[in-house]
Amino acid sequence: MSNDAATGTVLDGPHQEPPAHGLGASLAPAEARAKTEGTFPYAADLWAEGLLWAAILRSPHPHARIVSVDTAAAADMPGVRAVVTHTDIPGDSAYGRSVVDRPVFASDVVRHHGEAIAAVAADHPDTARLAAAAIAVEYEVLEPVTDPEKAFAAEPLHPDGNLIRHIPLRYGDPDMAGEVIVEGLYRIGRQDPAPIGAEAGLAVPRPDGGVEIYTASTDPHTDRDLAAACFGLDPEQVKVVVTGVPGATGDREDPGFQIPLGLLALRTGCPVKLAATREESFLGHAHRHPTLLRYRHHADGEGRLVKVEAQILLDAGAYADASSESLAAAVAFACGPYVVPHAFIEGWAVRTNNPPSGHVRGEGAMQVCAAYEGQMDKLAAKLGLEPAELRLRNVLATGDILPTGQTVTCPAPVAELLTAVRDYPLPALPKDTPEAAWLLPGGPEGAGEPGAVRRGVGYALGMVHMLGAEGADEVSTATVKVHDGIATVICAAVETGQGFTTLARQIVQETLGIEEVQVAPVDTDQPPAGPAAHGRHTWVSGGAVERAAKMVRTQLLQPLAHKFGMSTELLQITDGKITSYDGVLSTTVTEALDGKELWATAQCRPHPTEPLDDAGQGDAFVGMAFCAIRAVVDVDIELGSIRVVEMAVAQDVGRVLNPAQLATRIEAGITQGIGTALTENLRTTRGLIRRPDLTGYALPTSLDAPDIRIVRLVEERDVVAPFGAKPASAAPVVTSPAAVAAAVRAATGRPISRLPIRPQAAVAAAPGG
């Protein structure tokens, strides 16, 4: 068992001593020192000669008709170099990753609070902001549509209508019914990615009439193509250079900051920088979909599921963004990692005048996990079964069929995961003494009394899909070069904190026996690698790096194999040495290189998927990953304050590629999920964001992080995945909010059907209390 005292994370179980380098090693990130010392090149730190500063004017209304926009006062201010509105866009006036429906600048109608109206470039950031504020906009305020249930009958908010997508999943016999039926209504709030660093970027005009954009993009090639279309330029005239990304859980995927920046650089002929304030960050980027879920579960007298019926409504906000993909995940995983012979799910994603929703880690899957696990707790209570036992009677396994009709061909050790967390010893109870008052919910200065504290234990099982879905063309390209004993990896996979650059180094170390490996900075001059989401870069980009490295390995070994009359398969590279199976050949990689320069380029493309059909059926996912969490919480049932004591997690990881990095990813995912469960809710009033700052939006801190016990990592390799590994961070994000809610139910006896959990929902007398 290893224990990290600084974080409270414990990894239990038998473990071999990890190697010093290569796959399986706890190799430290190459950028760790630079980040620690404050020298890492984030976009907010960039500078250029003759720099101008940008500011964006945003709508104060969630819904309004724009009568007029007068930029004269702003343009006449000393120091202002340019003011741009929708009339100054030389190319496409709208953009979108899935659906082109979001205007760069609103022209006739404002559809959400904070929508961009105009942008300014000036010689000082204060001048730019003052000029933006001086733009006179006359609005005719309209009644906002903020209730997604009312969006169906409301007047269209967009030319494409209010309904973005409807998925009616039909699986089995609609007339089937169970002996025991439970129903529930669940609501999930609006979670913000809340990046450590707010959006920033630098745009530099090029002599050929193009522009270079330096920003923390997570999908630079798509950002380039969208920007080029709006600029009226060929994609080759726009270059996106990825700067240091200060973490990303979806918030870096909206080019709404980058396009105005590039327009200003092209208009002025000068470098232009934008550094968003925290308020602008909250107003500008996409959030997790608020979701309304209605469920009815049918089971037999033994607790085995018979049928699940559900209605799932995603609030997309003003524009489509990733709503179609999120809805597909929500509908497909609406029953969870359980065997359900009959399922009938209706899913909708609709436009409203609320803030836009988009890709946030575990989108769709997180919302339904909170709901179906609430249903499982209700079933257990009605049947008089232990919650873990009810789940064990229904868990999914390899070879079972999802309600989408897709067979689970990947490893699905769900029962093993649940058993591991169920059997793990529970933490000791807190002491009822003043010396241990810090154990009370609310912290050292909490007003609660020990006698009002109840402890609850709850379980949750979650699942996520890997890579893109429904026919997405997943492909990545990588080049590996070796020169002067140093290997260099060139791949446009962006390091967002998921550890790709470290993994790429480990792959080359493992394959070529070269310890010094560098990963080149990312820009759009390189072949595309796709977005950083759903574990893509571990699988697709890591697979491309491995294939390229193996091609270089063949180039390295072929002369030796030819000399000794054997095939390259009979040679192995270990710890920088090349040896043959019979011991005849023994030399070092350095000697074999002998000043040679070797390189190879390769692609990785997983097997194709297909869109869900009109009945919600289809092989929509490349693979899945699973997670089980047992949460232990203390609840002050008089005040409603909640303290998460411990989270025991068991996860299906396929293969551990970097033990330290994996533990960190799981811990971070659980902590993010605790924020979803207890504190994080970007509140709106009639479409207006209330307090868009980090005092109004409560993020969990290190003081809120509980002991995290990683009690089991199941390394059952997925044979179709490179290295057999599965994504690590999304599954605990999806599962942990449901586990916390289950534990609060157990402590209070209350239904807990809304996330985040409000204090008044946790005020109750405990059973028997």
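Residues numbered from 1 in each chain as written. Predicted model: local features only at pLDDT ≥ 70, side-chain atom pairs only at ≥ 80, totals over all residues. Heavy atoms only, no water.

Chemist: Looking at this model, I keep getting lost on the overall build of the protein. Mind explaining?
Modeler: When its secondary structure is counted, the protein shows 15 helices and 33 strands. Relative to the 2.2 N^0.38 estimate, which gives 27 Å for 769 residues, the radius of gyration of the protein is 27 Å and therefore close to what a compact globule would have. In terms of principal-axis extent, the alpha carbons of the protein reach across some 85 × 75 × 60 Å. A buried classification covers 60% of the 769 residues belonging to the protein. For the protein, restricting intrachain contacts to residue pairs at least 6 apart in sequence, the fraction spanning at least 24 positions comes to 79%. If you sum the accessible surface of the protein, you get close to 29,400 Å²; carbon and sulfur atoms cover 52% of it. Across the protein, 62 positive and 94 negative side-chain charges occur, with their mean positions spaced 3 Å apart. (Helix = DSSP H or I, 4+ residues; strand = E, 2+ residues; numbered from the N terminus. Rg over C-alpha atoms; globule rule 2.2 N^0.38 Å. Buried < 20%, exposed > 50% of the residue type's maximum accessible area, 1.4 Å probe, protein only. Contact = heavy atoms within 4.5 Å. Areas by Shrake-Rupley, 256 points an atom, 1.4 Å probe, with all protein chains shown as cover. Lys, Arg positive; Asp, Glu negative; His and termini not counted. Charge placed at Lys NZ, Arg CZ, Asp CG, Glu CD.)

Chemist: What's the story with the sheet that holds strand E26 (residues 586-588) in this structure? I'm lost.
Modeler: Pairing between the strands of a sheet is mediated by backbone hydrogen bonds and can be parallel or antiparallel. Within the open sheet, the three strands sit side by side as E24-E25-E26. Their pairing is antiparallel. The sheet is open, and its two borders are formed by strand E24 (571-574) and E26, each paired with just one other strand. In this sheet, neighbouring strand axes are inclined to one another by 25° on average, regardless of whether the strands run parallel or antiparallel. Sheet topology note: the strand E25 (residues 577-580)/E26 ladder contains three bridges and is antiparallel. (Pairing = 2+ DSSP bridges. Axes fitted to C-alpha atoms, helices over the stretch in contact; angles between N-to-C directions.)

Chemist: How should the packing of aromatic side chains be read in this particular structure?
Modeler: Two numbers describe a pair of aromatic rings. These are the distance of the centres and the angle of the planes. Per the stated rule, a full pass over the model turns up seven aromatic pairs. Look at Tyr-186 and Tyr-295: their rings are 6.5 Å apart centre to centre, the planes differ by 80°, and that puts the pair in the edge-to-face class. Remark: Tyr-295 occurs in strand E17 (residues 291-299) and Tyr-186 occurs in strand E12 (residues 180-188); sequence separation between them is 109 residues. What makes Tyr-186 buried here is its relative accessible area of 3%. (Phe/Tyr/Trp six-rings, centres within 6.5 Å; stacked < 30°, edge-to-face > 60°.)

Chemist: What is the right way to read the packing of helix H11 (residues 500-512) against helix H12 (residues 536-564) from this model?
Modeler: Two measures define how a pair of helices packs: the angle their axes make with one another and the distance between the axes. Across the interface, H11 lies against H12 with an axial gap of 9 Å and an inter-helix angle of 30°. One element, H11, and the other, H12, form an angle in the roughly parallel class. The crossing of H11 and H12 is right-handed. Across from Phe-500, Leu-503, Ala-504, Ile-507, Val-508, Thr-511 and Leu-512 in H11, the residues of H12 making contact are His-537, Thr-538, Ser-541, Gly-542, Val-545, Glu-546, Ala-549, Lys-550, Val-552 and Arg-553. A class-by-class count of the residues in the contact of H11 with H12 yields nine nonpolar, five polar and three charged. (Parallel < 35°, antiparallel > 145°, perpendicular 65-115°, else oblique. Left-handed = near helix turned anticlockwise from the far one by under 90°. Nonpolar A, V, L, I, M, F, W, Y, C, P; charged D, E, K, R; others polar.)

Chemist: Quick question: what am I supposed to make of empty space enclosed by the protein here?
Modeler: In this approach a probe as big as a water molecule rolls over the atoms, and the regions it shows empty are the leftover space. Per the stated rule, a full pass over the model turns up four cavities of 30 Å³ or more. Taken together, 14 residues form the lining of the largest cavity, with Arg-58, Tyr-95, Arg-102, Ala-116 and Gly-256 sitting closest to its centre. Class assignment for the residues of the lining of the largest cavity results in six nonpolar, four polar and four charged. (1 Å grid on protein atoms, 1.4 Å probe; cavity = no way out; pocket = protein on both sides within 12 Å on 5 of 7 lines; lining within 4 Å. Points joined across faces, edges and corners; volume = space filled by probe spheres on them.)

Chemist: What exactly am I supposed to notice about the nonpolar core here?
Modeler: Most often, soluble globular proteins have nonpolar side chains that are buried together. In this structure, Tyr-295, Ile-312, Phe-333, Ile-345, Phe-626, Val-740 and Val-744 are the most contacted members of the largest nonpolar core, which totals 104 residues. Non-local contacts of Ile-345, meaning those with residues more than four positions away in its chain, are made with Ile-167, Pro-168, Leu-169, Arg-170, Val-308, Ala-310, Ile-312, Val-331, Ala-334 and Cys-335. One finds Ala-248, Met-566, Ile-578 and Ala-721 within the second-largest nonpolar core, a separate group that totals 54 residues. (Core = buried A, V, L, I, M, F, W, Y, C linked by side-chain atoms within 4.5 Å.)

Chemist: Could you clarify how one ought to interpret H11 in this entry?
Modeler: In an α-helix, one full turn covers 3.6 residues, which means residues spaced three or four apart are oriented alike. Along its 13 residues, H11 runs 18 Å from first to last C-alpha, staying within 8% of the 18 Å computed at 1.5 Å per residue. Most of H11 is tucked away, with 12 of its 13 residues classed as buried. Within the span of H11, buried status applies to Phe-500, Thr-501, Thr-502, Leu-503, Ala-504, Arg-505, Gln-506, Ile-507, Val-508, Gln-509, Thr-511 and Leu-512. Two residues or fewer after H11 comes Gly-513, characterised by a positive phi angle close to 70°. (Expected span 1.5 Å × (residues − 1).)

Chemist: Explain unusual backbone geometry to me, please; I cannot follow it from the model alone.
Modeler: For residues other than glycine, phi is negative in most cases, and the peptide bonds are mostly trans. Each neighbour pair has its own omega, and for Leu-755 with Pro-756 the value is 0°, a cis peptide bond. Note that Pro-756 resides in the segment after strand E33 (754-755). Phi is positive for Asp-484, close to 55°, though the residue is something other than glycine. Along the chain, Asp-484 falls in the loop between strand E21 (476-483) and strand E22 (486-491). Located in the positive-phi region is Asp-594, a residue other than glycine, with phi close to 50°.

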